[in-house]
Amino acid sequence: MTNGGRKKATIYDLSVLSGSSPSTVSAVLNGTWRKRRIKESTAELIRSLAETHSYTANRQARGLRSSRSGLVGLLLPVHDNRYFSSLAQTFEAHVRSKGQCPIVVSASRDPEEERRTAETLISYSIDELFICGATDPDGVHEVCEAAGLRHINIDLPGTKVPSVISDNFEGGRLLTEAIIRHFPAERPLEPDDLYLFGGRDDHATRERIRGFRAVKQELLGSDPDECIWPTGYAADNARKAFEAFYEQHGKLPRGFFVNSSINFEGLLRFMAEHPLENFTDLVVGCYDYDPFASFLPFPVIMIRQNIEGMIAKAFEVIEEPRASLQIHMIEPRLVPPRTALTGPLDALMDSEMPRECRAATLPCGCRGKAAL
């Protein structure tokens, strides 16, 4: 902190104040601006702003590219659902298997916080940064580019470096078709009785909606615009949307495509305030996987994203000396109701368990690992 309790300025702050890119600011501050043919007037402005706003270069970050620390960073949007926590665990296991140390942080879906967090990670001399689900991945790219840090996008794509994501269109298509076909032939689903709730204006949601609408048009012959209700990624916002729909129509649709486990939590909050008999004809599709949801009293069909495949592919791509700027799509898996799958770290944890425990059979007939 500076005198008076104010935050020290970052490269990104100076970029905004000067109207220059973070890489230009970095070049001025590290003295390489002449080689890049940056105007002297621009350099003077940036140096003046740096002095006025108490910018202090981090010596660790300056030496970042001269040696490797063994630290590898993962920037998440949030920690609060099974998908992101499983992704973090899989990432950590992969990093440790390479003899390196993982650092996992979140930025609360705040683009400014994403950039500040990236700068902080760079100050700790991380070797690489995996940018997962960022609100502004290209903004984080500018920070990484200015520091010469290798980085890659996961879950949501950017336009400046390679990205590894789920095939959200295919997942949306699979989930929508499964919801429609789950209804009996004698009581088929009508086009205006299948709704999509949740998500926001990001690549993943747009692709899932595209798959949803394509299958509705193909199998039901119609795709009314009013059947799309974006609510963002917040459980309470989703709950309010379900409540608003219920007040307008006096019932819920028979079929739901719920765009994330966070939005699914909003549905459960809504249902907790109403009699269970109101939902006897309900079929839900959730674009996320949670084994507990599979055993609710109504059918829940889920999409499980291939976390292991995405992480493995991201490490493969980031290690390429000249990786092409493209989006690598990993196909997700459809999970039918009443299904509990193993988690991404089950095999690793089983291998770390003492042999006598792995082989043990309990009186109930279960293996020791399954009962833990």
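Everything here concerns the structure above.
Conventions used here
- Residues numbered from 1 in each chain as written.
- Predicted model: local features only at pLDDT ≥ 70, side-chain atom pairs only at ≥ 80, totals over all residues.
- Heavy atoms only, no water.
- Axes fitted to C-alpha atoms, helices over the stretch in contact; angles between N-to-C directions.
- Helix = DSSP H or I, 4+ residues; strand = E, 2+ residues; numbered from the N terminus.
- Parallel < 35°, antiparallel > 145°, perpendicular 65-115°, else oblique.
- Left-handed = near helix turned anticlockwise from the far one by under 90°.
- Contact = heavy atoms within 4.5 Å.
- Expected span 1.5 Å × (residues − 1).
- Buried < 20%, exposed > 50% of the residue type's maximum accessible area, 1.4 Å probe, protein only.
- Pairing = 2+ DSSP bridges.
- Salt bridge = Lys/Arg side-chain N within 4 Å of Asp/Glu carboxyl O.
- Nonpolar A, V, L, I, M, F, W, Y, C, P; charged D, E, K, R; others polar.
- Core = buried A, V, L, I, M, F, W, Y, C linked by side-chain atoms within 4.5 Å.

Enquirer: Lay out the packing of helix α1 (residues 11–18) against helix α3 (residues 40–52) with the relevant residues and their values.
Expert: Interhelical geometry of α1 versus α3 gives an angle of 125 degrees and a closest axis separation of 10 Å. By the angle class used here, α1 and α3 are oblique. The crossing of α1 and α3 is right-handed. The residues of α3 that touch α1, namely those facing L14, L17 and S18, are L45, I46, L49 and A50.

Enquirer: How would you summarise helix α9 (residues 203–220) if you had to cite specific residues and measurements?
Expert: In this model, α9 (18 residues) spans 25 Å end to end at C-alpha, consistent with the 26 Å of a helix rising 1.5 Å per residue. Buried within α9 we find A204, T205, E207, R208, I209, G211, F212, V215, K216 and L220. In this structure, the buried side of α9 is in contact with α8 (168–182), β6 (194–197), β7 (228–229) and β8 (255–258).

Enquirer: Any details on the sheet that holds strand β4 (residues 150–154)? Residues and values, ideally.
Expert: On the basis of which strands lie adjacent, the open sheet formed by six strands has the order β2-β1-β3-β4-β5-β11 and parallel pairing. Two strands lie at the open edges of the sheet, namely β2 (101–106) and β11 (327–330), each paired on one side alone. Adjacent strand axes in the sheet meet at a mean angle of 20 degrees, parallel and antiparallel pairs treated alike. Judged from the five bridges that link them, strand β3 (residues 128–132) and β4 form a sheet pairing that is parallel. Residue pairing across strands places C132 opposite I154, the latter belonging to β4. The sheet contacts of helix α7 (residues 137–147) involve β1 (71–76), β3 and β4, and relative to β4 the element is tilted by about 170 degrees.

Enquirer: Help me get a handle on the sheet that holds β7, residues and values and all.
Expert: Pairing is mixed across the open sheet formed by six strands, whose spatial order is β7-β6-β8-β9-β10-β12. Taken across any chain shown, the strands that pair with only one partner, and hence form the sheet edges, are β7 and β12 (333–335). Looking at chain direction, β6 and β8 are connected through four bridges and run parallel. Looking at β8, one finds that L196 is bridged to F257. Where α9 meets the sheet, it contacts β6, β7 and β8, and its direction lies at approximately 180 degrees from that of β6.

Enquirer: How would you sum up unusual backbone geometry? Please name residues and give values.
Expert: Its identity as a non-glycine residue notwithstanding, R109 has a phi of 55 degrees, on the positive side. Tracing the backbone through its elements, the reader meets R109 in the loop between β2 and α6 (111–123). The phi torsion at S260 lies on the positive side, around 130 degrees, for a residue other than glycine. Assignment of secondary structure puts S260 in the loop between β8 and α11 (261–271). A relative accessible area of 6% means that S260 is categorised as buried.

Enquirer: Quick one: what's the story with the pattern of salt bridges, residue by residue and with numbers?
Expert: On inspection of all chains with the given rule, the structure shows 22 salt bridges. Residue E319 pairs with K98 through a salt bridge whose shortest N-O separation is 2.6 Å. Taken together, the positions of E319 in the loop between α12 (307–318) and β11 and K98 in the loop between α5 (82–97) and β2 put the pair 221 residues apart, joining distant regions of the chain. Across the pair R115 and D136 runs a salt bridge, and its minimum N-O distance is 2.7 Å. A residue pair is termed long-range when its members are at least 10 positions apart, and R115 in helix α6 and D136 in the loop between β3 and α7 qualify at 21 residues. Judged by relative accessible area, R115 falls into the buried class, the value being 8%. In this structure D136 comes out as partly exposed when scored by relative accessible area, which is 24%.

Enquirer: Tell me about the packing of α6 against α7, and name the residues and values.
Expert: Where α6 contacts α7, the axes come no closer than 8 Å and their chain directions differ by 25 degrees. On the basis of the axis angle, α6 is roughly parallel to α7. Seen along the crossing, α6 lies across α7 with a hand that is right-handed. On α7, the residues that touch E114, R115, A118, E119 and I122 of α6 are G139, V140, V143, C144 and A147. For the contact of α6 with α7, the residue count by class is six nonpolar, one polar and three charged.

Enquirer: Can you tell me about the nonpolar core, naming the residues and giving the values?
Expert: Counting residues in hydrophobic clusters, the biggest one holds 28 residues, and the most contacted among them are F197, L252, F256, F264, L267, F270 and V284. Of all the secondary structure elements, the ones that give two or more residues to this core are β6, α10 (235–249), β8, α11, β9 (283–286) and β10 (300–304). The biggest single contributor to this core is α10, with five residues. Setting aside residues up to four positions removed in sequence, L252 forms contacts with F242, F245, Y246, L267, F270 and F279.

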